[in-house]
Amino acid sequence: MRLLVVEDDPRAAKQLVADLEELGHETVIAPDGRAAIAAVTDGKFEAVLLDVMLPYVDGVGVAKLLRERDIDVPIIMLTALADLDQRLIGLDAGADDYLIKPAAPAEIDARLRAIVRRAARSGDSGIMRVGDIEVNEIKYRATRAGRQLVLPKLEFQVLCELVRNANSIVTRQMFYQNVWKYDFEPTTNIIESYIRHLRLHLNKPGETDPIVTVRGVGYMITDKS
């Protein structure tokens, strides 16, 4: 992806850019809010990584102004502020997601791919597919190889999160925020338990398990047999 990194700390910007480019992304740096607005207005970016504490115009102001101009580029806010109210202010201003610094590169990458996919699917029929699995979020229906899967609500939502991010890692934090709506990571192994039950519903004898465990990070559903 072509990304705009908005960060006024040169060292932090350099490290973030190095991490993102190692993951295959192309990056442009904007050192303040005014530069960010100009860059997004003039250039084509698939997403913006936006620091909150910026010179001239802060991150909340940048997000709000871009949305007022009907610029719908996906925005992830990055900040050292862990205060919930601050995060809600950023989201209300138009940010699509919020991460607390320092965030692991794999987590940033996963969030980027997730919001870009969500943006690409906006306004669609609610149907998502990966391999022989089809999920209809609107009709609350899931099938594999044509057979209907009878799933409890949370298992269905876990499957939707996996399929929505097909062939990319869904981190534990993404599950907690997007499925359970938690603002913290519980100490229990709740995700492992739901993935185990979901696998029992998905996999019949002779079928390949489409869910891949990425140890210490999360899970991924793949279309590769």
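Cut-offs applied
- Residues numbered from 1 in each chain as written.
- Predicted model: local features only at pLDDT ≥ 70, side-chain atom pairs only at ≥ 80, totals over all residues.
- Heavy atoms only, no water.
- Helix = DSSP H or I, 4+ residues; strand = E, 2+ residues; numbered from the N terminus.
- Polar contact = N/O pair within 3.5 Å; in protein donor to acceptor, adjacent residues only side chain to side chain.
- Contact = heavy atoms within 4.5 Å.
- Pairing = 2+ DSSP bridges.
- Axes fitted to C-alpha atoms, helices over the stretch in contact; angles between N-to-C directions.
- Salt bridge = Lys/Arg side-chain N within 4 Å of Asp/Glu carboxyl O.
- Buried < 20%, exposed > 50% of the residue type's maximum accessible area, 1.4 Å probe, protein only.
- Phe/Tyr/Trp six-rings, centres within 6.5 Å; stacked < 30°, edge-to-face > 60°.
- Lys NZ or Arg CZ within 6 Å of the ring centre and 35° of its normal.
- Core = buried A, V, L, I, M, F, W, Y, C linked by side-chain atoms within 4.5 Å.
- Parallel < 35°, antiparallel > 145°, perpendicular 65-115°, else oblique.
- Left-handed = near helix turned anticlockwise from the far one by under 90°.

Let us look at the side chain of Asp51. Within the element layout of this structure, Asp51 appears in strand β3 (residues 47–51). Here the side chain of Asp51 touches Lys101 through a polar contact of 3.3 Å, side chain to side chain. Discounting residues that sit within four places of it in the chain, Asp51 has contacts with Val6, Glu7, Asp8, Gly59, Leu78, Thr79 and Lys101.

This part is about the sheet that holds strand β6 (residues 127–130). Strand order in the open sheet formed by four strands is β6-β7-β8-β9, and the pairing between neighbours is antiparallel. The open sheet is flanked by β6 and β9 (147–148), the only strands paired with a single partner. Here two bridges tie strand β8 (residues 141–144) to β9, and the two strands are oriented antiparallel to one another. Bridge pairing in β9 links Thr143 to Gln148. Its contacts with the sheet put helix α6 (residues 153–164) on β6, β7 (133–136) and β8, and the angle it makes with β7 is roughly 115°.

In this section: the pattern of salt bridges. Taken as a whole and judged by the stated rule, the model has 15 salt bridges. The closest approach of N and O atoms between Glu137 and Arg164, which form a salt bridge, is 2.2 Å. Remark: Arg164 occurs in helix α6 and Glu137 occurs in the loop between β7 and β8; sequence separation between them is 27 residues. Judged by relative accessible area, Glu137 falls into the partly exposed class, the value being 35%. Relative accessible area serves as the criterion here: at 13%, Arg164 is assigned to the buried category.

With that settled, consider the packing of aromatic side chains. The final tally for this structure, using the stated rule, is four aromatic pairs. Ring pairing ties together the aromatic residues Tyr176, Trp180 and Tyr194, which thus form one cluster. A cation sits over an aromatic face here: Arg2 above Phe45, 4.4 Å from the ring centre.

What follows deals with the nonpolar core. Ranked by size, the top nonpolar core spans 30 residues in total, and within it Val135, Leu159, Leu162, Phe175 and Ile221 carry the most contacts. A total of six residues in this core trace back to one element, the largest contributor, which is α6. Those residues in contact with Val135, other than ones at most four positions away along the chain, are Gly126, Ile127, Met128, Arg141, Ala142, Phe156, Leu159, Cys160 and Val163. Counting 23 residues, the second-largest nonpolar core is a separate cluster that includes Val6, Val48, Val62 and Met77.

So, about the packing of helix α2 (residues 33–42) against helix α3 (residues 59–68). A packed helix pair is summarised by two numbers, namely the angle formed by the two axes and the spacing between the axes. At their nearest, the axes of α2 and α3 sit 9 Å apart, and the two run at 25° to each other. Comparing their axes, α3 and α2 come out roughly parallel. Seen from above, α2 lies across α3 with right-handed handedness. Note on element contacts: α3 touches α2 through Val62, Leu65 and Leu66, opposite Gly33, Ala36, Ile37 and Val40.

Read across the sheet, five strands follow the order β2-β1-β3-β4-β5 without closing on themselves; strand pairing throughout is parallel. Only two strands of the sheet have a single neighbouring strand rather than two, namely β2 (26–30) and β5 (97–100). The average angle at which neighbouring strand axes cross in this sheet is 20°, direction not considered. Here strand β1 (residues 2–6) runs beside β3; their pairing, made up of four bridges, is parallel.

Just distances and angles here, no functional claims.
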